[in-house]
Amino acid sequence: MEEVEVIHSWSAPRSLSTSLMYSFAQRDDTEVLDEPLYANFLQVTGAERPYREDVLSTMDSDGDKVVRDVIFGPGEKKYRFCKHMTKQRLPGLANDLMKRGKHFILIRSPLDILPSFEKVVPPSFLELGLAGLVSIYSELCELGKAPPIIDAADLQKDPEAVLRGLCKDLGIPFQESMLKWEAGPKPVDGVWAPWWYKNVHKSTCFAPARDYPLPLPSSLYDLLEQSLPFYNMLRRNTRQISSLTGSPLPTPSLPVPANEKILVWVGEEIVPRDSAKVSVFDSVVQGGDAVWEGLRVYNGKVFKLDEHLDRLFDSAKALAFTNVPTRREIKGAIYKTLNSNGMFENTHIRLTLTRGKKVTSGMSPAFNLYGCTLIVLAEWKPPVYDNTGGITLITATTRRNSPNNLDSKIHHNNLLNNILAKVEGNLAKAGDAIMLDKDGYVSETNATNIFLVKKGRVVTPHADYCLPGITRATVMELVVKENLVLEERRISLSEFHTADEVWTTGTMGELTPVVMIDGRVIGDGEVGPVTRQVQAAYKNLTEELGEPIPMYSKT
């Protein structure tokens, strides 16, 4: 007899935990224990089970003694696999249980568990055990022992890949024998096996999941709704083996890593990034039926806030939104989001107002009976373009919407027209794409307004086919204040090709020089003096103006 290395498996009922126990039992270096803390759980909680007396008469109910002498007692093999149910980890158990050994967590979607759960025990939030698994995960992370998490669905889809990954995470060698076992009861089974293990006794391996789920009884809908957030939190931390398409996607890196843990306002609350979601019944999902604004924060102040809100309300009115939040309510949501994130500088806000959730899917606004949905997405985001060296543009074949079809003065979320132009820009490896109006005159780019300089005169297209941007209007005012000549008129594409200087404007990118369009070098290919002059004036303005964020302090 010698000291063994303990592997703790934590799971909820009906999660393939018994199959996994059988899998580890096939190893030549591992002994297994089936729920060694079950008697302690029954004794302490008084829980009724049809096999209660059998368990209490055959197993030690002293939890600390079980931890010391059974779980961590000496053994004959190198490893000891302990199958634990989360609800059996009761307060007061010896600290060694969590501090010693290797731990992993097995999860399964409650949608797959609940339909068959009540065959033995009435389902409840406690019995389902997902909150307990989150607690175990959190405690192990605090101990510096973040446990691997595997999902039963992945285990059924590709047992070998999941088991190889699990063994790697546990620091033990994988054995091919783990993939199969003999049918029938096993000597390692607990005395409760006749009530719970009938189906797994028919198995000889990890069988694929059924193609389609069983119907969920309506009586269990609330329990599903309560449990899913806990499952989803754990699911996000699983070793990713496969996806719906069968091909795994690596976790992408973020342009600004600090945005991984931001808080977002959705509806009437602030939620973590991964929980920032709207209903599938929301109008923005059903038809892009929403309006939006982009704002920037400089030195503890939101720049041009009221101007942006004016346009938001105008757009919502033009689209006949009802039950629109008040200006005070929207400002409050913005300030709460910024304060919660500690964002007072170098921040961009995507402010979205949807027509709201519908009572049933469909196009008609008559289905929108819940009021609007407000989203405040604030991110750490420097200007998205190279405002020092400049960018290149190409001209898209996709034309800008005409007011005959969809008025661009409505700042709406139905952006496919712009996205198609951006696709062309991306394929050409350009910063953005110029969009022409129906007559072939320049309107704007897919994301920004546009200006040119020719012989000292600053020219920008009429806002007939483009969005009259807030930054555009601000720059037009600055051009005049800088004693430059400003013209607003129709501009042909060749005028941009032959311009001395070109720049674009927008909240996301501020004022961005353009050094090449469709392969034509603009001016001498460098950022021009007028561009630099207006950039400096704009920078000074952002430092001076803006609505102060309540509670912000430089100290």
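Keep in mind the model is a prediction, meaning the values are calculated, not measured. Sequence positions are assigned chain by chain, starting from 1 and proceeding in written order. Predicted model: local features are reported for residues with pLDDT of at least 70 only, side-chain atom pairs are reported and counted for 80 or more only, and whole-chain, interface and lining totals are derived from all residues. Derived side-chain values reflect all non-hydrogen atoms in the structure, with water molecules and hydrogen atoms excluded from consideration.

A.B. asks: Help me understand helix α19 (residues 529–544) in this model?
C.D. replies: One turn of the α-helix equals 3.6 residues, which is why residues spaced by three or four share an orientation. Helix numbering and strand numbering both begin at the N terminus, where a helix is a DSSP run of H or I of at least 4 residues and a strand a DSSP run of E of at least 2. Helix span, as expected, comes to 1.5 Å for every residue beyond the first. Across its 16 residues, α19 extends 23 Å between first and last C-alpha, which sits within 8% of the 22 Å expected from 1.5 Å per residue. A 1.4 Å probe rolled over the protein chains alone gives each residue an accessible area, and that area as a share of the maximum for its type sets the label: buried under 20%, exposed over 50%, partly exposed in between. Among the residues making up α19, those that are buried are V530, T531, V534, Q535, A537, Y538, L541 and T542. Summarising the axial view, the buried residues of α19 lie within an arc of 165°, below the 170-degree limit, and thus occupy one face. The outward face of α19, more than 90 degrees from its buried face, is lined by the exposed residues P529 and E544. The inward-facing, buried residues of α19 contact β8 (290–298), β15 (449–454), β16 (457–460), α17 (470–481), β18 (501–506) and β19 (510–517). Where α19 ends, the next residue or the one after it, G546, has phi of about 130°, a positive value. By construction, the arc corresponds to the directions joining the helix axis to the C-beta atoms. It only takes one pair of heavy atoms within 4.5 Å for two residues to be counted as in contact.

A.B. asks: Looking at this model, I keep getting lost on the nonpolar core. Mind explaining?
C.D. replies: For soluble globular proteins, nonpolar side chains are generally found buried alongside one another. Joining through side-chain atoms within 4.5 Å is the link that ties buried Ala, Val, Leu, Ile, Met, Phe, Trp, Tyr and Cys residues into a set, and such a set is a nonpolar core. Among the nonpolar cores identified, the biggest contains 38 residues, and I7, L20, F24, F104 and L163 are the most heavily contacted of them. Secondary structure elements with two or more residues in this core: α1 (17–25), α2 (38–45), β3 (79–85), β4 (102–107), α9 (152–157), α10 (159–170) and α11 (193–196). Ranked by residue count, the leading element in this core is α10, at five residues. Not counting chain neighbours up to four residues away, the residues in contact with F104 comprise I7, H8, S9, W10, L20, F81, P147, P148, I150, L166 and L170.

A.B. asks: Just to check I follow, could you spell out the environment of E488 for this structure?
C.D. replies: With respect to the element layout, E488 can be found in strand β17 (residues 485–488). A residue is classified by how much of its surface remains accessible, and E488, at 36% relative accessible area, is partly exposed. Distance in space between the C-alpha atoms of E488 and A131 is 61 Å, their sequence separation being 357 residues. Excluding residues within four positions of it along the chain, E488 makes contact with T460, P461, H462, A463, R472 and M476. A 3.5 Å cut-off defines polar contacts: any pair of N or O atoms within that distance qualifies, except that in protein one atom must be a possible hydrogen donor and the other a possible acceptor, and neighbouring residues in sequence count only when both atoms are side-chain atoms. Only 2.6 Å separates the side chain of E488 from the side chain of R472, close enough to count as a polar contact.

A.B. asks: Looking at this structure, I do not really get the side chain of D437. What am I missing?
C.D. replies: Residue placement: D437 occurs in the loop between β13 (432–436) and β14 (442–445). Only four residue types enter the charge count, namely Lys and Arg as positive and Asp and Glu as negative; His and the chain termini do not. Here a salt bridge means any side-chain nitrogen of Lys or Arg lying within 4 Å of a carboxyl oxygen belonging to Asp or Glu. Of the side chains bearing the opposite charge, R490 lies closest to the buried D437, which forms no salt bridge; the N-O distance is 4.5 Å. There is a polar contact of 2.8 Å between the side chain of D437 and the backbone nitrogen of D439. When residues no more than four places from it in sequence are discounted, the contact partners of D437 are R399, S443 and Y465.

A.B. asks: Honestly, the packing of α17 against α19 in this entry has me stumped. Any pointers?
C.D. replies: Between two packed helices, both the angle of their axes relative to each other and the distance between the axes serve to describe the pair. Here α17 crosses α19 at 115°, and the two axes come no closer than 10 Å. In terms of orientation, α17 lies roughly perpendicular with respect to α19. Judged by the twist between their axes, the crossing of α17 over α19 is right-handed. Of the residues in α19, those touching α17 at T471, T474, V475, L478 and V479 are V534, A537, Y538 and L541. Here the contact of α17 with α19 is composed, by residue class, of seven nonpolar, two polar and no charged. Lines fitted to C-alpha atoms define the axes here, with helix axes fitted over just the stretch in contact, and angles between the N-to-C directions of these axes take values from 0 to 180 degrees. Any angle from 65 to 115 degrees is called roughly perpendicular, while one under 35 is roughly parallel, one over 145 is roughly antiparallel, and all others are oblique. In a left-handed crossing the near helix is turned counterclockwise from the far helix by less than a right angle, and in a right-handed crossing that turn is clockwise. Under this grouping Gly is polar, as are all residues other than the nonpolar Ala, Val, Leu, Ile, Met, Phe, Trp, Tyr, Cys and Pro and the charged Asp, Glu, Lys and Arg.

A.B. asks: Sorry, what's going on with the environment of V302 here?
C.D. replies: In this structure, V302 sits in strand β9 (residues 301–302). Spatially, the C-alpha atom of V302 lies 62 Å from that of K78, the residues being 224 residues apart in sequence. Apart from residues no more than four positions distant in its own chain, V302 is found in contact with L295, R296, V297, Y335, L338, G546, E547 and I549.

A.B. asks: Before we go on, may I ask you to explain the sheet that holds β9 in this structure?
C.D. replies: Sheet strands pair by backbone hydrogen bonding; their relative direction is either parallel or antiparallel. Any two strands with at least two DSSP bridges between them are considered paired. On the basis of which strands lie adjacent, the open sheet formed by seven strands has the order β7-β6-β11-β10-β8-β9-β21 and antiparallel pairing. With one partner strand each, in any of the chains shown, β7 (269–272) and β21 (547–548) form the two edges of the open sheet. Where helix α15 (residues 327–341) meets the sheet, its contacts fall on β6 (263–266), β7, β8, β9, β10 (347–354), β11 (373–380) and β21, and the angle it forms with β11 comes to roughly 35°.

A.B. asks: Teacher, can you tell me more about unusual backbone geometry here?
C.D. replies: Only a minority of non-glycine residues have a phi that is not negative, and only a minority of peptide bonds are not trans. Residue K429 is not a glycine yet carries a positive backbone phi of 55°. The phi angle at E510 is positive, at roughly 65°, despite the residue not being glycine. Residue placement: E510 occurs in strand β19.

A.B. asks: Help me out: how do you make sense of the environment of D310 in this one?
C.D. replies: Checked against the element boundaries, D310 lands in helix α14 (residues 305–318). Assessed through its relative accessible area of 38%, D310 is described here as partly exposed. Distance in space between the C-alpha atoms of D310 and N387 is 28 Å, their sequence separation being 77 residues.

A.B. asks: Even after reading the chapter, I still don't get the packing of aromatic side chains, so can you show me in this structure?
C.D. replies: Given two aromatic rings, their pairing is described by the distance between the two centres and the angle made by the two planes. Working definition: rings of Phe, Tyr and Trp (its six-membered ring) pair if their centres are within 6.5 Å, and the pair is stacked with planes under 30 degrees apart, edge-to-face with planes over 60 apart, and tilted otherwise. Evaluated as defined, the whole model comprises 13 aromatic pairs. Connected via pairs of aromatic rings, a cluster forms that spans Y38, F41, Y51, W192 and W195. For a ring to carry a charge above it, either NZ of a lysine or CZ of an arginine must fall within 6 Å of the ring centroid while also lying within 35 degrees of the normal to the ring plane. Over the aromatic face of F72 sits the side chain of R100, whose NZ or CZ is 4.1 Å from the ring centroid. One residue, K357, lies across the ring of Y370, its end atom 4.4 Å from the ring centre.

A.B. asks: What is the right way to look at the sheet that holds strand β5 (residues 149–151) in this model?
C.D. replies: Ordered in space as β2-β3-β1-β4-β5, the five strands form an open sheet in which the pairing is parallel. Edge positions in the sheet fall to β2 (30–34) and β5, since each has one partner strand and no second. Within this sheet the neighbouring strands show an average axis-to-axis angle of 25°, counted without direction. Where β2 meets β3, five bridges bridge the pair, whose relative direction is parallel. The partner of V32 across the bridge, within β3, is F81. Strands β1 (5–11), β4 and β5 of the sheet are contacted by helix α8 (residues 130–142), whose axis makes an angle of about 150° with β4.

A.B. asks: Would you mind showing me how to read the packing of helix α6 (residues 110–117) against helix α12 (residues 221–235) here?
C.D. replies: At a minimum axis separation of 10 Å, α6 and α12 run at an interaxial angle of 145°. α12 is crossed by α6, and the crossing has right-handed handedness. Every residue of α12 that contacts α6 at P110, L111 and L114 is listed here: L223, L224, S227, L228 and Y231. Per-class residue counts for the contact of α6 with α12 are seven nonpolar, one polar and no charged.

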